[in-house]
Each structure stands twice: as C-alpha cells, then as structure tokens.
Amino acid sequence: MKILIVGNGARESAIALKLSSDKRISKLYFAKGNATTELLGQNIYEDSIEGLRDFAIKERIDLTIVGPEAPLVAGIVDEFKKHNLKIFGPRKRTAELEGSKAFSKKFMQTHNIKTAKAKVFEAYQDAIDYVRTQEFPLVIKASGLAGGKGVVIADDLAEAETTIHRFMIDRIFGDAGIQLVIEEYLRGFEASIIAFSNGEKLFPCIPVKDYKKAGNGDTGPNTGGMGSVAPSPEFTDVHQKDFEENILKPTLEGLHSQNIRFKGFIFFGLMVTKDGTYLLEYNMRLGDPETQVILALMENNLYDVIMDCLDGNDIELKFSDKKAVCLVMCSGGYPRQIETGFEIRNIEKVEDSQVLFAGARMKGDKIYTDGGRVLSLVATGDSFDEARKKVYQGADIIHYDYEYYREDIGKF
Ligand code: AMP
Ligand code: GLY
C-alpha cells in the first residue's frame, strides 16, 4: 500500500511515525514533508491540487491524508474523489466550517451549539457602529483563513476600530477580512477535542491542552502552538459531559440535517468558563501540536481506523492510561522575525523522546533549521512530571543556534 500525506509540520511527522511501523504500507510520500518524513519515506515538492492529483494517479496512491486546512478549503477532496482516489477529509463545502467563521457561527447558532454570542458583518460602517455600542474586551475575527492571526481581542474601542479598519479596508488578510465575526469575550481555559468521522457518527479522542502563547506562563503573542499535553488535566468528566450534550451531539445533528456526511477529522476548539463549555471554532483536520500527544497515546492502528471510517464502519478508539507531553522547539523570535539555516546537533543522543521535525530540512546527512517551529519532542510517562522530564532532557541535549522553547509545558 502507498500513502500520500499532505503537509510538512510535526503533526505530519507524528502521522508518519505512527504509520511507518505498519508492515502493510510499502511506501509513504509527503508533500512537501520535512526532515523526519524524508527519513521515513519520500518527500515530493508538489503543492498544487492538480499536481498532487496527477501524482496520486501516476503512483497509484491507495490513500491520501491531508494535514493542513488550506488544501481542504481549496477543494483537494472534491478533486481526488472525482478521480476515484481515496482521501480522508471533508469536501470544500464542509471545510467551510473551518474556512469561514461566518459560516461556522451561523451553523452553531442554527443548531443550538453552545458558543459565544456573535454577529457577522459585511459592511465596514455597520461593524464600526456596532462596536461603539459594546463593552470590552470584544473579540474581532476575520472570517476567512488567516494562518491563525485573524483573531484580535480588542481591549477598548480604539483597538476595535483600528482592527476593523485593518481587516476590512487595509485588507491585511486579503479576502479573509471581507466578512467579520464580532463576538463576546469568554474568560476561561481552552481545550481541544478532535473526533474521527465515519460519515454517520463522530468518535472523539481524549481532550488535549494546547499551549498557544509564546512565553512562559501564557505570556506574549499567540503562536501555532508551543506544546501540548494529553489528556488535558483541566478538562474534567463534567466538562466532557457538557461538551457531549451541548456541542458534540448538536453538531452531529446539524451535520445530518444539512446533509453533510464527511469522512475525516473534526476539531472542536473549546473554552471552558464558569458557565460551562463553549465552542470557539471548528477545524476540519487534526491539530498541531495536539496530534503529537494524541497519537502517542492512541493504541489503535491508525491506518485501520481511517480505513474503517472511510468504509462507514464504527470504530472504538483506545488510549493508554499514560500522560503525554509535547514540547515544541522553535527558532528564536518566533512567531515574529526568525533566522534559519542552522545545523541541529545531537539528535541521535536523545533517548527517551520522539524527535518529530517540522521546520527542519536535510542537506546531505545533516539537518538544518528551516522554519519557526523547528521540532516537537514527545514523551509519555505514568505522570506528567515523568513525561515532562523526558522532553526537557531531550531539549537540553539538542542544540542549534537561536533555539527557544517554553519552560513550563506540562508543569502543573
Ligand atoms: P479561533 O480561531 O476562533 O479559535 O480563535 C483563536 C484564539 O482566539 C482562540 O484559541 C482563543 O484563544 C481566542 N478566542 C477566540 N474566540 C474567543 C472568545 N470568544 N473569547 C475569548 N477568546 C477567544
Ligand atoms: N493547535 C491548533 C491548531 O492546530 O489549529
């Protein structure tokens, strides 16, 4: 069997590692991949949907798994299905649940899914008039994909007006800012739950805590994720029940009532407040760095559960009782100005953690930094402390110029 994995982060490296021990799989291809995936398979330098489709036809790829959102929103699944190519993910229309915050908010409101109160705006003046009547903080979101940068928590009216101007008039995110979602600010802690969908039912994985801020103690700018732990120690059975009743169940009913039957992943970005669990957003894919800890604890064969979902079969997900910690090592300055191209040393000396590369590329037999998030270290243990010690030992051993990582991942 030949499998194509689209993406190049540590999430795709984690998928690659999980699949690489499956004897039925003869070859793994990655577009465009990274240093880990080059070691486990073959990287191909193709990123257009047509190019990937032609590659899958020519190489007789048996299954394609899509990591990031952009190809899903651009319609890679529709194109592959047109050519009878097996692919795990939602069609373009369904990917709009991630690709358009206006669309997903309307979906949540229509189907009584517990979410922050919000309004959608298409006209600049209407948005300005609205924020002048509101209390702060207020959350302003560009509706379209903005690489995780399209959400601003405005602390006062001046910041709200500037943000609306930058999104709608300056168009700093292009067409993503044509529509805005402006919503109430929710105070609490966040959790991520990712579910597999077999077209009929949703099968949730264990809840994950993602560390989004660049600095220790959740300070500094938002990033793509500086680390993660699973299962989330904050998310209790009470929160889980609230999630299942007020978010998971109505989401499934909503999908059915709109005749959306997709086979792929659905990611619930949650905010737990003193009034319960709210849905902030859907992503229609696996999360990064959530995937690294989920797959470290998942006891199922990943290929089998994906194929079962594609065949419309029910699955029974099994997770180990252990704790998992993922520490992301970055290039100094991330998520702002970074310098790359530095050799990453001592990888072979790391013993107790998986080293999953992201922004790192091979040149000869050496590996060099090549992005903001350079690699993930992943370990499991009987306690968070044990897993945490292992990843920090790994981070101590690995060296490259301008390395940076948070010191408080998995510390409770
Ligand atoms: P989103 O892409 O909608 O999940 O937003 C990105 C991040 O912005 C979230 O992970 C939260 O940290 C924050 N955020 C989004 N919506 C809200 C809200 N209504 N209240 C507080 N924080 C929010
Ligand atoms: N960790 C959040 C995401 O993958 O979008």
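Residues numbered from 1 in each chain as written. Chains lettered and ligands numbered in written order. Predicted model: local features only at pLDDT ≥ 70, side-chain atom pairs only at ≥ 80, totals over all residues. Heavy atoms only, no water.

**Q** How would you explain the packing of helix α8 (residues 124-131) against helix α9 (residues 157-169) if you had to name every residue and give the values?
**A** Contact geometry for α8 and α9: axes closest at 10 Å, N-to-C directions at 165 degrees. Taken together, α8 and α9 sit at an angle that is classed as roughly antiparallel. In terms of crossing hand, the pair formed by α8 and α9 is right-handed. For the pair α8 and α9, contact is made by Tyr124, Ala127, Ile128 and Val131 and by Leu157, Ala160, Glu161, Ile164, His165, Met168 and Ile169, respectively. Split into classes, the residues belonging to the contact of α8 with α9 amount to nine nonpolar, one polar and one charged. (Axes fitted to C-alpha atoms, helices over the stretch in contact; angles between N-to-C directions. Helix = DSSP H or I, 4+ residues; strand = E, 2+ residues; numbered from the N terminus. Parallel < 35°, antiparallel > 145°, perpendicular 65-115°, else oblique. Left-handed = near helix turned anticlockwise from the far one by under 90°. Contact = heavy atoms within 4.5 Å. Nonpolar A, V, L, I, M, F, W, Y, C, P; charged D, E, K, R; others polar.)

**Q** Tell me about the site of ligand 1, and name the residues and values.
**A** Around ligand 1 there are 15 residues in total, and Lys141, Glu183, Leu186, Glu190 and Glu281 lie nearest to it. At a separation of 2.5 Å, an oxygen atom of ligand 1 approaches a polar side-chain atom of Glu190. Glu281 is positioned such that a nitrogen or oxygen atom in its side chain is 3.0 Å from an oxygen atom of ligand 1. When ligand 1 sits alone it has 470 Å² of accessible area, and the protein chains cover 90% of it. (Near = heavy atom within 4 Å. Polar contact = N/O pair within 3.5 Å; in protein donor to acceptor, adjacent residues only side chain to side chain. Areas by Shrake-Rupley, 256 points an atom, 1.4 Å probe, with all protein chains shown as cover.)

**Q** Describe α9, listing the residues and the values that go with them.
**A** Helix length check: α9 (13 residues) gives 17 Å between terminal C-alpha atoms against 18 Å at 1.5 Å per residue, within 8%. Where α9 is buried, its residues contact β6 (118-121), α8, β7 (138-142), β8 (151-154) and β9 (180-184). The N-capping residue of α9, defined by a side-chain oxygen 3.3 Å from the backbone nitrogen of Ala158, is Asp156. Phi for Arg171, located one or two positions after α9, is positive at around 50 degrees. (Expected span 1.5 Å × (residues − 1).)

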